[in-house]
Protein chains: 2
Amino acid sequence: MSIVITAFERSPDGGLGLARDTRVRWALEEVGRPYGVRLVSFGAMKEPAHLGLHPFGQIPTYEEGDLVLFESGAIIFHLADRHTGLLPDDANARARAITWMFAALNTVEPPILELVTARFVEGDKPWTQERMPLIADRIRGRLDRLATHLGAAEWLDGESSAGDLMMVSVLLRLRPSGILAEFPSLAAYVARGEARPAYQRAFAAQLAINAAPAPAP
Amino acid sequence: MSIVITAFERSPDGGLGLARDTRVRWALEEVGRPYGVRLVSFGAMKEPAHLGLHPFGQIPTYEEGDLVLFESGAIIFHLADRHTGLLPDDANARARAITWMFAALNTVEPPILELVTARFVEGDKPWTQERMPLIADRIRGRLDRLATHLGAAEWLDGESSAGDLMMVSVLLRLRPSGILAEFPSLAAYVARGEARPAYQRAFAAQLAINAAPAPAP
């Protein structure tokens, strides 16, 4: 059954690969599933047709026959659950890999989202400059714990898994801020993720869309 | 195999059931698994013994034989995956229920966490009073979409599932702010969750700890 995902017609990051379709593309590449992409404009994301796929009017979505999913975490779990390669076979190791997916999305990403919101939504507010260091320190608190856990290991728990795919994707959002570079072991961990051929293909695919000349108005 | 979870020795909410052990207790009650609780102080949460269970030094954790998990989402998924009652049997319906778990944790909860952070971490800052309405509006944006999706249905996708358990748990955190009450259909949805016998038992169990007289210093 063919798979179709949605992505921004034009990602706000201009092709850095930080939009959430890149994570899903990466997982699709890891499990070797071809996929189609339907691009949606910011306007179309809030229209009924797209809201029927994604109740919160965001990207990515995932269509496969009768199945419609949204949320990058859910889509990647779905792929990992149905194909080999993204989750370990051992039941306990599998549960731990899933734990890292949730940790990436619910413990590490929220303070990073605060930074994104401060910069792009509250960027014009008089308090933002003074708040930024507080937000950055909260992120550093999480990264410090994560770096301690990772230690000298290559991946968070044994072999690389969907947990690493998600954590690397979340950490990548920090690179423009410079905070990731303050944690060399985490920067190296992210680089290991980016070096995977599946990530390279996913990144190139989103870049081909987002680095193209803007469509005529 | 016996199950042990961790919870705050003393929850900051004084027994409102908003700490994340309540979600896990609820899921354990739904699947009918007895469990033990080990209470941890704020100090002990940052010590090596607890960090060995939870790299970010939070609660809850989950121990079952050799298996150690953290992240309420991962623990609840683990229980739902191994017992009947929290996820539908139909494969597509199951994937959609899991989608709602991720939506609760990664789309609805992050702006709510911003509100909690503004109140309790930045509560003494000069900008907080002026920021609060902005944060509340971002939450309202998400709740508006959620209410539209729910419509007149009882649960988010057919029968109640772990997706509803998680969404109700996340929305409960909003009740003290008054924002939940602005969305009557969502308030009723949350009340349906709270009315479940499994939730009632979970709530009572955490209340018994948190409403007890404070331990002697």
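Residues numbered from 1 in each chain as written. Chains lettered and ligands numbered in written order. Predicted model: local features only at pLDDT ≥ 70, side-chain atom pairs only at ≥ 80, totals over all residues. Heavy atoms only, no water.

- The name an unreviewed UniProt entry assigns to chain A is Glutathione S-transferase, from the organism Luteibacter jiangsuensis.

Observations concerning the interface of chain A and chain B
So, step 1. Counting residues at the interface gives 50 residues for chain A, matched by 50 residues for chain B.
So, step 2. It is Phe56, Phe102 and Arg145 of chain A that lose the most area in chain A upon contact with chain B, and together they represent 18% of the buried surface on that side.
So, step 3. For the pair chain A and chain B, the interface holds 6 salt bridges.
So, step 4. Between Arg131 of chain A and Glu122 of chain B there is a salt bridge, and its shortest N-O distance comes to 2.9 Å.
So, step 5. Summed over the shared surface of chain A and chain B, the number is 14 residue pairs in polar contact (both at pLDDT 80 or more).
So, step 6. Elements that contribute at least two residues to the side of chain A that touches chain B include exactly strand S4 (67-70), helix H4 (72-82), helix H5 (91-120) and helix H6 (128-150) of chain A.
So, step 7. The dominant element in the side of chain A that touches chain B, judged by the number of residues it contributes, is H5 of chain A, at 20 residues. (Contact = heavy atoms within 4.5 Å. Buried area = accessible area lost by both parts, 1.4 Å probe. Salt bridge = Lys/Arg side-chain N within 4 Å of Asp/Glu carboxyl O. Polar contact = N/O pair within 3.5 Å; in protein donor to acceptor, adjacent residues only side chain to side chain. Helix = DSSP H or I, 4+ residues; strand = E, 2+ residues; numbered from the N terminus.)

Notes on the sheet that holds strand S2 (residues 36-40) of chain B
Residues and elements named next belong to chain B.
So, step 1. Across the sheet, 4 strands lie side by side as S2-S1-S3-S4; this open sheet has mixed pairing. Single-partner strands in this sheet number two, and they are S2 and strand S4 (67-70). On average, each strand axis in the sheet is tilted by 20° relative to the strand beside it, whichever way the strands run.
So, step 2. Examined bridge by bridge, strand S1 (residues 3-8) and strand S3 (residues 61-64) share 3 bridges and lie antiparallel to one another. (Pairing = 2+ DSSP bridges. Axes fitted to C-alpha atoms, helices over the stretch in contact; angles between N-to-C directions.)

Things to note about the UniProt feature "domain: GST N-terminal" (unreviewed entry) in chain A
So, step 1. UniProt records the feature "domain: GST N-terminal" (unreviewed entry) at residues 8-87 of chain A, using the numbering of this structure.
So, step 2. Taken end to end, residues 8-87 of chain A comprises 38% helix and 18% strand; its first and last C-alpha atoms sit 28 Å apart. (UniProt positions renumbered as here; feature names shortened; annotations may be inferred.)

Here we look at the pairing of S1 of chain B
Residue and element names in this part refer to chain B.
So, step 1. Burial runs high along S1: 5 of the 6 residues are buried.
So, step 2. In terms of strand pairing, S1 meets S2 through 5 bridges, oriented parallel. Across the sheet, the residue bridging to Phe8 is Val40, located in S2.
So, step 3. Assessed by its sense of winding, the connection that carries the chain from S1 through helix H1 (residues 21-30) to S2 is right-handed. (Buried < 20%, exposed > 50% of the residue type's maximum accessible area, 1.4 Å probe, protein only. Right-handed = clockwise from strand over helix to strand, strands pointing away.)

Thoughts on the environment of Arg140 of chain A
All names here are of chain A.
So, step 1. Locating Arg140 in the fold gives a position in helix H6.
So, step 2. You can call Arg140 partly exposed: its relative accessible area is 26%.
So, step 3. With residues up to four places along the chain from it excluded, the contact list for Arg140 reads Pro133, Ile179, Glu182 and Phe183.
So, step 4. For Arg140, the side chain forms a polar contact with the side chain of Asp137, separated by 2.8 Å.

A closer look at the relation of the copies chain A and chain B
So, step 1. Mapping chain A onto chain B calls for a rotation angle of 180° and an axial translation of 0.0 Å; the resulting RMSD is 0.0 Å. In short, the pair behaves as if placed about a two-fold rotation axis.
So, step 2. Comparing contact sets, 100% of the residues at the interface of chain A also lie at the interface in chain B, consistent with an isologous, same-surface contact. (Least-squares fit on C-alpha atoms with pLDDT ≥ 70 in both.)

Let's talk about H1 of chain B
So, step 1. With respect to burial, H1 of chain B is a largely interior element, 8 of its 10 residues being buried.
So, step 2. Remark: Gly32 of chain B follows H1 of chain B within two positions and exhibits a positive phi of approximately 70°.

A word on the nonpolar core
So, step 1. Counting 125 residues, the largest nonpolar core has Met167 of chain A together with Met167 of chain B as the members making the most contacts within it.
So, step 2. When sequence neighbours within four positions are dropped, the list of residues in contact with Met167 of chain A reads Trp100, Ala103, Ala104, Val108, Leu146, Leu156 and Tyr189 of chain A. (Core = buried A, V, L, I, M, F, W, Y, C linked by side-chain atoms within 4.5 Å.)

A short note on the packing of aromatic side chains
So, step 1. Scanning all chains against the criterion turns up 16 aromatic pairs over all chains.
So, step 2. Centre to centre, the rings of Trp100 of chain A and Phe70 of chain B are 5.2 Å apart; their planes meet at 80°, and the pair counts as edge-to-face. Of this pair, Trp100 of chain A sits in helix H5 while Phe70 of chain B sits in strand S4, each in a different chain. Across the pair, Phe70 of chain B and Trp100 of chain A agree in class, each one buried.
So, step 3. Ring plane angle 0° and centroid distance 4.5 Å describe the contact between Phe102 of chain A and Phe102 of chain B, whose orientation is recorded as stacked. Within this pair, whereas Phe102 of chain A is found in helix H5, its partner Phe102 of chain B is found in helix H5 (residues 91-120), the two belonging to separate chains.
So, step 4. With a relative accessible area of 3%, Phe102 of chain A lands in the buried category.
So, step 5. Sitting over the face of the ring of Trp155 of chain B, Arg192 of chain B holds its NZ or CZ atom 6.0 Å from the ring centroid. (Phe/Tyr/Trp six-rings, centres within 6.5 Å; stacked < 30°, edge-to-face > 60°. Lys NZ or Arg CZ within 6 Å of the ring centre and 35° of its normal.)

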